[in-house]
Amino acid sequence: MPSLKALVRRPGPRLAEGLVTHIERETVDVELAVRQWEAYVEALRANGWETTEVEPADDCPDAVFVEDTVVVYRNVALIARPGAESRRAETAGVEEAVARLGCSVNWVWEPGTLDGGDVLKVGDTIYVGRGGRTNAAGVQQLRAVFEPLGARVVAVPVSKVLHLKSAVTALPDGTVVGHIPKVDTPSLYPCFLPVPEESGGHVVLLGGGRLLMAASAPKTAELLSDLGFEPVVVDISEFEKLEGCVTCLSVRLRELYA
Ligand SMILES: NC(=O)NCCC[C@H](N)C(=O)O
């Protein structure tokens with residue numbers, strides 16, 4: 001039976017010191033962030049996902065953005081080597097968590113760097129963003145791990161935002177969505193739907209037509225709802241101040257067999 005498991009990681013006390021690269025720093029309300037994170041996790045659970053909390057990494061301000069630490073394709077996990085050095089200590093706890101869930105584990109090695117936020121899976125196509133956090137060696141290592149398993153790895157440039165998935169994600173039918181000013185090359189995607197807000201380009205597939213989306217993208221939610229999808233909206237304002245989006249707060253494992 002395919003599983004619906006998701007990894008999440010509770011925000012730590014140093015969250016407000018998280019990295020910001022493309023936006024101005026704003027004060028983060030850590031208590032509010034914890035409440036928003038709890039509501040996010042509850043939204044996953046309410047939609048049938050069994051969540052596993054990765055052991056906290058309280059010395060790492062960005063640890064809550066657990067998506068960046070690992071890429072999982074089928075039952076194979078590739079432990080990332082984050083492009084930002086301050087995030088490298090985040091991977092140990094995640095490695096333990098995916099191994100416990102039954103994944104076989106691979107690693108990105110120096111000189112490779114790769115952030116999970118740069119990896120977008122659409123069926124058996126894996127888009128990988130070559131940008132500020134993922135380098136060419138990281139792309140090559142991702143190819144070497146997943147292509148033998150049947151994936152087609154497509155590298156795309158990312159220059160306008162932090163990660164590939166800060167620019168684009170995909171709907172359940174494979175249509176890639178993104179806000180044009182933030183997407184380097186929309187023509188790379190066979191089926192692309194422009195959306196009216198930057199955070200409208202971030203959707204998490206919950207199952208069926210349900211899409212987890214940020215409250216900051218109301219026009220996109222309306223558009224997608226009009227196309228027959230069901231947005232499930234969460235407020236993640238405190239994480240957005242750190243360039244986080246709905247995708248970054250979890251890792252969904254859809255093809256583990258228990
Ligand atoms: N996948 C993502 O988009 N992750 C967001 C990471 C934000 C964090 N402040 C960082 O700069 O690494």
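An unreviewed UniProt entry annotates the protein as Dimethylargininase of Streptomyces carpinensis. Entered under Sequence similarities (unreviewed entry) in the UniProt record, the comment concerning the protein runs "Belongs to the DDAH family."

Draft legend 1. Inspection of the overall build of the protein at higher detail. Helix and strand counts for the protein come out as six helices and 15 strands. Taken over C-alpha atoms, the radius of gyration comes to 17 Å for the protein, in line with the 18 Å a tight globule of 258 residues would show. The C-alpha extent of the protein, read off along each of the three principal axes, is 40 × 40 × 40 Å. Out of the 258 residues belonging to the protein, those deemed buried represent 55%. Summarising the internal contacts of the protein: among those between residues at least 6 apart in sequence, 68% fall at separations of at least 24. If you sum the accessible surface of the protein, you get close to 10800 Å²; carbon and sulfur atoms cover 51% of it. Where the 25 positive side-chain charges of the protein centre and where its 36 negative ones centre are 4 Å apart.

Draft legend 2. Examining the site of the ligand more closely. Around the ligand, a shell composed of 16 residues is seen, among which Leu19, Asp62, Asp68, Arg133 and Leu242 lie nearest. Within the contact set of the ligand, a nitrogen atom lies 2.8 Å away from a side-chain nitrogen or oxygen of Asp62. One nitrogen or oxygen atom from the side chain of Arg133 is found 2.8 Å from an oxygen atom belonging to the ligand. Computed on the free molecule, the ligand has an accessible area of 350 Å², of which 100% lies beneath the protein chains in the complex. Broken down by class, the residue content of the shell around the ligand amounts to six nonpolar, four polar and six charged.

Draft legend 3. The arrangement of the sheet that holds strand S4 (residues 76–79) in detail. Taken together, the three strands give an open sheet; going across it, the order is S3-S4-S5, and neighbouring strands pair in mixed fashion. Only two strands of the sheet have a single neighbouring strand rather than two, namely strand S3 (70–73) and strand S5 (104–107). In this sheet, neighbouring strand axes are inclined to one another by 25° on average, regardless of whether the strands run parallel or antiparallel. Inspection of the sheet shows S3 paired to S4 by four bridges, in the antiparallel sense. Within S4, the residue paired with Val70 across the bridge is Ile79. Against the sheet, helix H3 (residues 136–146) touches S3, S4 and S5, its axis set at about 165° to S4.

Draft legend 4. Molecular detail of the confidence of the model for the protein. Counting all residues, the mean pLDDT for the protein is 97, and 98% of those residues have values of 70 or more. Across the assembled chains, the prediction reports ipTM 0.98 with pTM 0.97.

About the thresholds
- Along every chain, residues carry numbers that run from 1 in the direction the sequence is written.
- Owing to the predicted nature of the model, reporting of local features is limited to residues with pLDDT of at least 70; listing and counting of side-chain atom pairs is limited to 80 or more, with chain, interface and lining totals taken over all residues.
- Remark: hydrogens and water are excluded; side-chain values derive from all non-hydrogen atoms of the structure.
- UniProt positions are given in the numbering used here, feature names are shortened, and annotations may be inferred rather than shown by experiment.
- Counting from the N terminus, the helices are the DSSP runs of H or I reaching at least four residues and the strands are the DSSP runs of E reaching at least two.
- What the globule rule says is 2.2 Å times the number of residues to the power 0.38, and the radius of gyration is computed from C-alpha atoms.
- Only protein chains enter the area calculation, which uses a 1.4 Å probe; residues under 20% of their type maximum are buried, those over 50% are exposed, and those in between are partly exposed.
- The contact definition used throughout considers only heavy atoms, calling two residues in contact when any of these lie within 4.5 Å.
- All accessible-area figures derive from a Shrake-Rupley calculation using a 1.4 Å probe, and residue coverage is judged against the displayed protein chains alone.
- Positive charges are assigned to Lys and Arg, negative charges to Asp and Glu, while His and the chain termini are left out of the count.
- Charge positions are represented by NZ for Lys, CZ for Arg, CG for Asp and CD for Glu.
- The criterion for a residue being near a molecule or strand is simple. One of its heavy atoms has to lie within 4 Å of it.
- A 3.5 Å cut-off defines polar contacts: any pair of N or O atoms within that distance qualifies, except that in protein one atom must be a possible hydrogen donor and the other a possible acceptor, and neighbouring residues in sequence count only when both atoms are side-chain atoms.
- For this classification, the nonpolar set comprises Ala, Val, Leu, Ile, Met, Phe, Trp, Tyr, Cys and Pro, the charged set comprises Asp, Glu, Lys and Arg, and every other residue, Gly included, is treated as polar.
- Whether two strands pair depends on DSSP finding at least two bridges between them.
- Note on geometry: axes are C-alpha line fits, over the in-contact stretch for helices, and angles between N-to-C directions span 0 to 180 degrees.
- The quantity called pLDDT is the predictor's confidence in a given residue, expressed from 0 to 100.

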